[in-house]
Amino acid sequence: MSSLNKILVPFDFSEASVNALEYVVNFVGTERAIHILGLYVGVMAISESDSEKLKRDFLKVLDSFNVTLKVSPEFTTDTGKVTSTILSAQEKSKADLIMMGTMGDKITDEAITNTSKLVLEANCPVISIPYGTAIKEPKNIALVMGGEKIDDKNVLGTLLEVARAFDARVHVLTIYKDSVFDEEAIKDSNENLLEYYLEHFYADHTFTKNEDVEQGILDYINEKNIDLLAILPRNHAEKSSPSEGRLTKLLTLHSEIPVLALD
């Protein structure tokens, strides 16, 4: 994964973050020279001794996975609001990707906002990893698209790198609330982009109609045994009308597999 050199992993020692870290370690594997940077965000100032203890505990968790990484992971601490501090750390560290655990909708709404907020606000790719997800390589990836034209073809770069790394098939899904035959010109334009930028990893494109778009996506995941869901959040759209990110938020809360938000 040549364009993925550094992954930022927010880590607070919760079950969700431990599960996510194990997923990240297996995602990186033993042969890829990818740097993992663990980040603990505290509400109050963290003393140097406490910071050192958190680092030791982080390394103990890593050791428990029994995976020898090619690049030794690092760990850092910071203080502030969770989302803004993570985004600031991503900019400073020049991390190419953020991978963060989530409990999804298994707990109260107040506690599940951090990951979904981060996905919506980040200007880099983010993979949200739901607690309990299987620790395995993604072999079947679903890219969910609306009827809009792809604003920036470069966002497909991360998806291509992941597909290359795991020799995964990319299955594209477009769900319409109305007619599946709308906007033929946009569909043709997107199809050409997908075939060109996803190379031979592009497997197929399914068009379907469903009044409940989220349910249609979740049904597709189960039917096709999808391992990783990729989405193009429209709240950052430049050439088309931005959305409020409702579908993105719902998918990060309800998906039982990791969700890659491309940005």
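Here's what I pulled together on the structure shown here. As the structure is a computational prediction, the values presented were derived from the model and not from experiment.

A separate point is the packing of aromatic side chains. Taken as a whole and judged by the stated rule, the model has 7 aromatic pairs. Judged by centre distance (4.8 Å) and plane angle (80°), the rings of Tyr 196 and Tyr 197 are edge-to-face. We classify Tyr 197 as partly exposed; its relative accessible area is 25%. Clustering of aromatic rings is evident, with ring pairs tying together Phe 11, Phe 13, Tyr 40, Phe 58 and Phe 75.

With that settled, consider the environment of Asp 78. Relative to the elements of secondary structure, Asp 78 occurs in strand β3 (residues 74-79). Look at Asp 78 and you get partly exposed, because its relative accessible area is 31%. In sequence terms Asp 78 and Ala 89 are 11 residues apart; their C-alpha atoms lie 8.6 Å from each other. Every residue in contact with Asp 78, bar those within four places of it in the chain, is listed here: Leu 39, Tyr 40, Val 41, Gly 42, Ile 46 and Thr 85.

Next up on the list: helix α7 (residues 213-224). Across its 12 residues, α7 extends 16 Å between first and last C-alpha, which sits within 8% of the 16 Å expected from 1.5 Å per residue. Residues of α7 that are buried include every one of Val 213, Glu 214, Gly 216, Ile 217, Leu 218, Tyr 220 and Ile 221, and no others. Asn 225 sits one or two positions beyond α7 and adopts a positive phi of about 55°.

Turning our eyes to something else, we now look at the side chain of Ser 128. In this structure, Ser 128 sits in strand β5 (residues 126-130). On the accessibility criterion, Ser 128 (2% relative accessible area) is buried. The contact partners of Ser 128, leaving out residues within four places of it in the chain, are Met 100, Thr 102, Thr 115, Thr 252, Pro 258 and Val 259.

As a further point, take the packing of α7 against helix α8 (residues 246-254). The axes of two packed helices give the description: the angle between them and the distance between them. Running from amino to carboxyl end, α7 crosses α8 at an angle of 40°, the nearest separation of the two axes being 10 Å. For the element pair α7 / α8, the angle class is oblique. Helix-helix and strand crossings are classified by hand; for α7 and α8 the assignment is right-handed. Here Val 213, Glu 214, Ile 217 and Leu 218 of α7 lie close against α8, whose contacting residues are Leu 247, Leu 250, Leu 251 and His 254. Across the contact of α7 with α8, the residue classes break down as 6 nonpolar, 1 polar and 1 charged.

The next thing to look at is unusual backbone geometry. Positioned with a positive phi, Phe 13 is a non-glycine residue whose angle comes to about 70°. Structurally, the position occupied by Phe 13 is in the loop between β1 (6-10) and α1 (15-28). The phi torsion at Asn 66 lies on the positive side, around 55°, for a residue other than glycine. Inspection of the secondary structure assignment puts Asn 66 in the loop between α2 (48-63) and β3.

Reading guide: rules and limits
Note that residues are indexed from 1 along each chain, following the sequence as it is written. Reporting of local features is limited, given that this is a predicted model, to residues whose pLDDT is at least 70; pairs of side-chain atoms are given and counted only at 80 or more, and all residues count toward the totals for whole chains, interfaces and linings. Side-chain numbers come from the whole structure's heavy atoms, not from hydrogens or water. Here a Phe, Tyr or Trp ring, Trp counted by its six-membered ring, pairs with any other such ring whose centre lies within 6.5 Å, and the pair is stacked when the planes are under 30 degrees apart, edge-to-face when over 60, and tilted otherwise. Burial classes follow relative accessibility: with a 1.4 Å probe on protein chains only, a residue under 20% of its type's maximum area counts as buried, one over 50% as exposed, and anything between as partly exposed. The way it works is that DSSP assigns letters per residue, a run of H or I at least four long becomes a helix, a run of E at least two long becomes a strand, and they are numbered from the N terminus. Residue contacts are counted whenever heavy atoms from the two residues lie within 4.5 Å of one another. Multiplying 1.5 Å by the helix residue count minus one yields the expected span of that helix. Here the axes come from fitting lines to C-alpha atoms, over the contacting stretch only for helices, and the angles between their N-to-C directions go from 0 to 180 degrees. Note on terminology: angles under 35 degrees are roughly parallel, angles over 145 are roughly antiparallel, angles of 65 to 115 are roughly perpendicular, and the others are oblique. Note on convention: the crossing is left-handed when the near helix lies turned anticlockwise from the far helix by less than a right angle, right-handed when the turn is clockwise. Polar here means any residue outside two lists: the nonpolar Ala, Val, Leu, Ile, Met, Phe, Trp, Tyr, Cys and Pro, and the charged Asp, Glu, Lys and Arg; Gly therefore counts as polar.

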